[in-house]
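A look at the structure
The chain contents come next:
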Amino acid sequence: MSTASSTDAAAAGRVALVTGASRPHGLGVAVARELAAHGFHAVLAGRDLDQTRLRAEELSAAGLAATAIRIDLSDHATITEATARLGAEFGRLDALVHNAALMPDWDTFRLLDADADRVRAAFEVCVFGPWALTQACLPLLEAAPAARVVTVSSGAAMQVRAGVALPRPVGAPGYSMAKFTAEALTASLAVELRDAGILVNSVDPGQFASHPELGDDNDGRPTAESARWVAWAAMLPAGAPTGMLFEDGRTADLGAPTG
């Protein structure tokens, strides 16, 4: 889906906002590139505006429609400012992709060892910020004929879904709990926005090479492959499922992990 297809004509004139899109090899930039390649004007959002602008300029240099905007999900004033700008410049939003995330407790391996400040930080970026951004973008989403909202999930949430079947304590507990809560929020928003024709889904991108410049491939696939499926969810046709968790275009297996 990284090349032009029959969906391009339908996407012409559409606008997509992708958060967490400042890192050169990050998933956010790859998702923005994928959507722009299908005819969307991609608005890249990040905390570091200079870096985000560089990413947007790279897409523009490739002939894709892209601009940058500053959004810090832990600073709700930036959400208000950004959505006001989007309204003034575009007047609509056809796809909102919640990609930004924070994993402050990657080195914590039990819920009982969790640091409350780290947990709050994870929830601010993974739950409260996207929640507020969706609320702020609602008039723009409703102005589009068939808007889509996509939350990038994580396999870390499966630890919490497993409950007592999990054979070990929850690792990165703040991040894992936040991602699990984000999935629940997505499903609940799907119910509220169903009558408006706005589809709201989560996508588990799987393991991908997020820092190839550091020699870190996560034993995963190219970022573009994961981005393909996030963008796919942002372009679902009318009548497609809502309130679901997808993995590679299929409903994700919610069973308990083993090992």
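Heads up: these notes are all about the structure in this document. Remember, it's a predicted structure, so these values are computed and weren't measured experimentally. (Residues numbered from 1 in each chain as written. Predicted model: local features only at pLDDT ≥ 70, side-chain atom pairs only at ≥ 80, totals over all residues. Heavy atoms only, no water.)

1. Quick look at the sheet that holds strand β1 (residues 15-18)
Strand pairing in a sheet takes place through backbone hydrogen bonds and is either antiparallel or parallel in direction. What counts is decided by this rule: The rule for pairing is simple: two strands pair if DSSP sees at least two bridges between them. Strands here are runs of E lasting at least two residues and helices are runs of H or I lasting at least four, both read from the DSSP assignment and numbered beginning at the N terminus. The contact definition used throughout considers only heavy atoms, calling two residues in contact when any of these lie within 4.5 Å. Convention adopted: a line fitted to C-alpha atoms gives each axis, helices being fitted over their contacting stretch, and angles between N-to-C directions are expressed from 0 to 180 degrees.
Spatial ordering of the open sheet is given by β3-β2-β1-β4-β5-β6-β7-β8, a layout of eight strands whose pairing is mixed. Where the open sheet ends on each side, the last strands, each with one partner, are β3 (66-70) and β8 (250-251). Summarising the sheet, β1 and strand β2 (residues 41-46) pair through four bridges and their orientation is parallel. Looking at β2, one finds that V18 is bridged to L44. Against the sheet, helix α5 (residues 116-143) touches β1, β4 (95-98) and β5 (148-152), its axis set at about 175 degrees to β4. Contacting β4, β5, β6 (199-203) and β7 (245-247), helix α8 (residues 223-234) crosses the sheet at an angle of about 150 degrees to β5.

2. Regarding unusual backbone geometry
Glycine aside, the phi torsion of most residues is negative, and most peptide linkages are trans. Counted only if it meets this: Each residue is assigned to one of three classes by its accessible area relative to the maximum for its type, calculated with a 1.4 Å probe on protein chains only: buried under 20%, partly exposed between the two thresholds, exposed over 50%.
Backbone geometry places A172, a non-glycine residue, at a positive phi of 45 degrees. Position of A172 relative to the elements: it lies in the loop between α6 (157-162) and α7 (173-193). For A172, a relative accessible area of 5% translates into the label buried. For D248, which is not a glycine, the phi torsion comes out positive at approximately 55 degrees.

3. Topic: the packing of α5 against α7
Put simply, the rule reads: Any angle from 65 to 115 degrees is called roughly perpendicular, while one under 35 is roughly parallel, one over 145 is roughly antiparallel, and all others are oblique. Helix crossings are classified by the rotation of the near helix relative to the far one: an anticlockwise turn of less than a right angle makes the crossing left-handed, while a clockwise turn makes it right-handed. Each residue gets one label: Ala, Val, Leu, Ile, Met, Phe, Trp, Tyr, Cys and Pro are nonpolar, Asp, Glu, Lys and Arg are charged, and the others, such as Gly, are polar.
Where α5 meets α7, the axes come as close as 7 Å, and the angle between the chain directions of the two elements is 20 degrees. With respect to their mutual orientation, α5 and α7 come out roughly parallel. In this structure, α5 meets α7 at a crossing whose hand is right-handed. Within the contact between the two elements, α5 uses V119, A122, F123, C126, V127, W131, T134 and L138 and α7 uses G174, Y175, M177, A178, K179, T181, A182, L185, L189 and L193. Looking at the contact of α5 with α7 residue by residue, the class counts come to 14 nonpolar, three polar and one charged.

4. Here we look at the side chain of D105
Just so we agree on the cut-off: Asp and Glu count as negative and Lys and Arg as positive, but His and the ends of the chain are not part of the count. Take a side-chain nitrogen of Lys or Arg and a carboxyl oxygen of Asp or Glu: if they are within 4 Å of each other, that pair is a salt bridge.
Mapped onto the elements, D105 comes out in the loop between β4 and α5. With no salt bridge to any partner, buried D105 finds its closest opposite charge in R118, at an N-O distance of 6.4 Å.

5. Structural notes on the nonpolar core
This is how it is decided: Note on terminology: a nonpolar core comprises buried Ala, Val, Leu, Ile, Met, Phe, Trp, Tyr and Cys residues joined through side-chain atoms within 4.5 Å.
Ranked by size, the top nonpolar core spans 37 residues in total, and within it L17, I69, I71, L93, L96, L133 and L141 carry the most contacts. Counting only elements with at least two residues in this core, the list comes to β1, β2, α4 (76-89), α5 and α7. Here this core gets ten residues from one element, more than from any other, and that element is α5. Not counting residues up to four positions away in its chain, the partners in contact with I69 are L17, V43, L44, A45, G46, L49, T52, A82, R85 and L86. With 36 residues, the next largest nonpolar core counts A56, V230, W232 and A240 among its residues.

6. Comments concerning the environment of A66
As for its position among the elements, A66 is in strand β3. In this view, A66 contacts H41, A42, L44, A56, L59 and S60; residues no more than four positions away in its chain are not counted.

7. Considerations on α8
Selection criterion: Here, expected helix span is obtained from the residue count minus one, scaled by 1.5 Å.
For α8, spanning twelve residues, the distance from its first C-alpha to its last is 17 Å, which sits close to the expected 16 Å at 1.5 Å a residue. Of all twelve residues making up α8, nine are buried, and the element is well covered by its neighbours. Those residues of α8 that sit buried are T223, S226, A227, W229, V230, A231, W232, A233 and A234. Those residues of α8 that are buried lie in contact with α2 (27-37), β4, β5, β6 and β7.

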